Amino acid sequence: MLVTIKTRKEIEKIKAANQVIARLYADILPSKIVPGVSTMELNKIIEEYIISCGGVPATIGVGGSNNPYPAGSCISVNEVVVHGIPSDRILKEGDIVSVDTVVKLDGYFGDSAMTFPVGEIDEESKLLLEVTKKALEIGIEQCYAGNRLGDLGNAIDSYVKKNKFTVVRDFCGHGVGYAMHEDPVVMNFGRKGRGIKLEEGMVIAIEPMVNVGSYKVDILKDGWTAVTKDRKRSAHFEHSVAIVDGKPMILSKLDR
């Protein structure tokens, strides 16, 4: 495992890439994610915005020549956990939709995800979004130098279980900055005191994926789309976080 340590200057560059995504999620997408829009239309908005900011939608072509990912964002609706490929699927009132975006800007990568409601959603879905977002916050609270990745994963999993939901185990967070995916692997479950130690200058993407029912998933025939095995709903929130002055700095939180 090769965990890279970033300088303050590099962390600022990674933050700049993340701020493109933060503005997208805060200022642009909320008014666009409405009943009647297709996930392909949303992807077009996302790609055009990233390019207008001087960035590159970095998910395009991931996976290489064998089965390259075809779009500049992953858009996952309802039972889709992650890696939903934008299509002509039309969003309906009551849906939930997770958007996961990676931006390359000035040679550095930012990565963040958020789950949005489409119009009015049911109470269970509201709770799912609240718990997943809070689980991310609880994980970030563990990001102090000297803590271990197991502390982070345990905090996320314990909170999710307390709320009668389940954490997906087949997908996880990761290091980020020089590349889209770096070491270390950042699990959303684990044992306190286990795993590698967090250090000054580490940058990690923390991304709990939380299901209403079973944590188990299936991969569809396209080789990308991950859905819940029981086809119940899933939510996904993600931030890129740096350890600065021994404590967490959220790089993908909008800096007004």
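Residues numbered from 1 in each chain as written. Predicted model: local features only at pLDDT ≥ 70, side-chain atom pairs only at ≥ 80, totals over all residues. Heavy atoms only, no water.

1. Observations regarding helix α2 (residues 39-52)
Short version of the rule: Secondary structure follows DSSP: runs of H or I at least 4 residues long count as helices, runs of E at least 2 residues long count as strands, and numbering of each begins at the N terminus. Multiply 1.5 Å by the residue count of a helix minus one, and that product is the helix's expected span. The classification of residues rests on relative accessible area computed with a 1.4 Å probe and restricted to protein chains. Under 20% of the type maximum is buried, over 50% is exposed, and intermediate values are partly exposed. To be clear, the arc concerns the directions from the helix axis to the C-beta atoms. Note on contacts: a residue pair is in contact if any heavy atoms of the two residues lie within 4.5 Å.
Taking 1.5 Å per residue, 14 residues should reach 20 Å; α2 reaches 20 Å between its end C-alpha atoms and fits that length. Along α2, the residues that are buried comprise T39, L42, N43, I46, Y49 and I50. For α2, the buried positions fall inside an angular range of 130 degrees around the axis, keeping them on one side. Away from the buried face of α2 by more than 90 degrees, exposed residues I51 and S52 are located. Elements that come into contact with the buried residues of α2 comprise α1 (8-32), β1 (56-57), β2 (74-77) and β4 (96-105).

2. Observations regarding the pairing of strand β5 (residues 108-117)
As a general feature of sheets, a regular strand has side chains that alternate between the two faces. Let me state the cut-off plainly: DSSP bridges decide pairing: two strands pair if at least two such bridges lie between them.
Counting buried positions along β5 gives 8 out of 10 residues, so the element sits mostly inside the fold. Connecting β4 to the next strand, β5, in antiparallel fashion are 2 residues, including D106 with a positive phi near 55 degrees.

3. Digging into the sheet that holds strand β13 (residues 234-236)
The strand order across the open sheet formed by 3 strands is β6-β10-β13, and the pairing between neighbours is antiparallel. If you trace the sheet from one side to the other, it starts and ends with β6 (166-167) and β13, each paired once. Relative to β13, strand β10 (residues 209-211) runs antiparallel, the two sharing 3 bridges. Each residue of the ladder has a partner; that of N211, found in β13, is S234.

4. Thoughts on the sheet that holds strand β12 (residues 226-228)
The test is simple: An axis is simply a line fitted to the C-alpha atoms; with a helix, the fit covers only the stretch in contact. Between two such axes, the angle follows the N-to-C directions and lies from 0 to 180 degrees.
As summarised here, the arrangement of the 3 strands in space is β3-β12-β11, forming an open sheet in which the pairing is antiparallel. The sheet terminates laterally at β3 (80-82) and β11 (217-219), the two strands that pair on one side only. Pairwise comparison of adjacent strand axes, ignoring direction, gives a mean angle of 40 degrees for this sheet. Here β3 pairs with β12 via 2 bridges, running antiparallel.

5. So, the UniProt feature "binding site: a divalent metal cation 1" (unreviewed entry) in the protein chain
What counts is decided by this rule: UniProt positions are given in the numbering used here, feature names are shortened, and annotations may be inferred rather than shown by experiment.
In this structure's numbering, the residues bearing the UniProt feature "binding site: a divalent metal cation 1" (unreviewed entry) are D100, D111 and E238. Annotated residues spanning 139 residues; largest pairwise C-alpha distance 8.0 Å, indicating a single compact cluster. Along the polypeptide, D111 turns up in strand β5. Since its relative accessible area comes to 2%, D111 is described here as buried. When you line up the elements, E238 lands in the loop between β13 and β14 (239-244). In contact with E238, other than residues within four places in its own chain, are D100, D111, S112, A113, L136, H174, A205, I206, E207 and S252.

6. As for the packing of aromatic side chains
Note the threshold: Planes of paired rings set the category: under 30 degrees apart is stacked, over 60 is edge-to-face and the rest tilted, where pairs are Phe, Tyr or Trp rings (Trp by its six-membered ring) whose centres lie within 6.5 Å.
In this structure the tally under the stated criterion is 3 aromatic pairs. Their ring planes at 80 degrees and their centres at 6.0 Å tell us that Y25 and F116 sit as a pair that is edge-to-face. On the criterion of sequence distance, the pair formed by Y25 in helix α1 and F116 in strand β5 is long-range, its members being 91 residues apart. F116 matches Y25 in its accessibility class, with the two residues each being buried. With a centroid separation of 5.2 Å and 80 degrees between ring planes, the pair formed by Y69 and W224 is classed as edge-to-face.

7. So, the packing of helix α3 (residues 123-140) against helix α4 (residues 149-162)
To characterise two packed helices, one gives the angle between the axes of the helices and the distance between these axes. Stated precisely, the cut-off is as follows: Orientation is classified from the angle alone, with under 35 degrees giving roughly parallel, over 145 giving roughly antiparallel, 65 to 115 giving roughly perpendicular, and any other angle giving oblique. Left-handed describes a crossing whose near helix is turned anticlockwise from the far helix by less than a right angle; the clockwise case is right-handed. Each residue is assigned to one of three groups, with Ala, Val, Leu, Ile, Met, Phe, Trp, Tyr, Cys and Pro labelled nonpolar, Asp, Glu, Lys and Arg labelled charged, and all others, Gly among them, labelled polar.
α4 packs onto α3 with a crossing angle of 155 degrees between their chain directions and a minimal axis gap of 8 Å. As judged from the angle between their axes, α3 and α4 are roughly antiparallel. By crossing handedness, the relation of α3 to α4 is classed as right-handed. When α3 is examined against α4, the residues V131, K134, A135, I138 and G139 are found in contact with a partner set consisting of L152, A155, I156, Y159 and V160. Of the residues contributing to the contact of α3 with α4, the split by class is 8 nonpolar, 1 polar and 1 charged.

8. Here's the deal with the side chain of T39
Turning to its location among the elements, T39 is positioned in helix α2. When neighbours within four sequence positions are excluded, T39 is seen to be in contact with I75, V77, I85, P86, S87, R89 and L91.

9. Quick word on the nonpolar core
Applied cut-off: We call a set of buried residues a nonpolar core when its members are Ala, Val, Leu, Ile, Met, Phe, Trp, Tyr or Cys and they connect through side-chain atoms within 4.5 Å of each other.
Core analysis: the largest hydrophobic core is formed by 29 residues, its most contacted members being C143, L152, V160, I204 and I206. For this core, the secondary structure elements donating two or more residues are α3, α4, β9 (203-206) and β14. With 7 residues, the top contributor of residues to this core is α3. Not counting chain neighbours up to four residues away, the residues in contact with L152 comprise G139, Q142, C143, V186, M187, I204 and I206. Within the second largest apolar cluster, 22 residues are counted, among which are V20, I28, L91 and V99.

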